[in-house]
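What follows is each chain in one-letter form.
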Amino acid sequence: MTRLLAVDLDGTLMARDGRGAKEARGPFAQLTARGVQLAIATGRMVQSAAQIFAETGAHAGHIIALNGADLWPYPLGEKAIWQRAIEGRAARRAVDICLARGAEVQGYVEGDLRILQRTAQTEAYARRTRVPSHLVDLAGISASPQKLLALLPPDETGALIDDLTRELGGDLHCFRSEPNFVEIVPPGVHKGVALAALAEVLGIGLEEMAAAGDAENDVEMLKAVGRPFAPRTAAE
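Reading guide: rules and limits
- Residues numbered from 1 in each chain as written.
- Predicted model: local features only at pLDDT ≥ 70, side-chain atom pairs only at ≥ 80, totals over all residues.
- Heavy atoms only, no water.
- Helix = DSSP H or I, 4+ residues; strand = E, 2+ residues; numbered from the N terminus.
- Buried < 20%, exposed > 50% of the residue type's maximum accessible area, 1.4 Å probe, protein only.
- Contact = heavy atoms within 4.5 Å.

Caption draft 1: Highlighting unusual backbone geometry. The omega torsion of the bond from tyrosine 74 to proline 75 falls at 0 degrees, within 30 degrees of zero and hence cis. Turning to its location among the elements, proline 75 is positioned in the loop between β4 (70-74) and β5 (82-83). Backbone geometry at asparagine 67 places phi at a positive 55 degrees, although glycine is not the residue there. Looking at the secondary structure, you find asparagine 67 in the loop between β3 (61-65) and β4. With phi around 50 degrees, serine 144 is a residue other than glycine that occupies positive phi space. Along the polypeptide, serine 144 turns up in the loop between α5 (138-141) and β9 (147-151). A relative accessible area of 40% places serine 144 in the partly exposed class.

This is the structure in structure tokens:
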């Protein structure tokens, strides 16, 4: 029997233009009535994920945010269940490598979305995720972030991941979440490990969980659970 369902947001629960969360009201209500607990697992910040959770009509659950670096109860409490951050020196070097590749960089620090400059891409991201961004300097964006996000053309993401892995492979974990997004999180952090932490808190076995996701950043989560699902539009 499935006791918990963890669902990715963009590309899975909803389209990348933000539509679809409200359509989950009926299915989520049916699952809750059967005793299945709900969790959202996303690269977004917890504030953004909580807004979407509310649109589904769910009254309780959990949120895995920032691709596993942040784990919270929903509705949001005063304290996270699990949090991880990139060490400051590694974060600063990662930012330098990203900038050298011409990427736009965002940092997720203490609940803030931090940027070095406002561009069409950073403004579009803030609108899409419904979280305001704050201009900071290099020190501000590198201050032990839970996640860094590099935005650059899809055909340049592979080279950036190679650069980061070659120099900082032991200090961080990087991967694509969308064609033009390179996610940079603490070493050993991903949705799967956060889901394992949630399983321990709830006393539920991973084999009793189901998960749905569509992208590279969902792979570990899908491998961890007893019942993995991917939409037809999922990346190979």
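Caption draft 2: The side chain of aspartate 8, seen in detail. By the element assignment, aspartate 8 lies in strand β1 (residues 4-8). Aspartate 8 gets classed as buried once you look at its relative accessible area, which sits at 5%. Sequence-distant contacts of aspartate 8, that is, excluding residues within four places in its chain, are made with Leu13, Ala41, Thr42, Lys191, Ala212, Gly213, Asp214 and Asp218.

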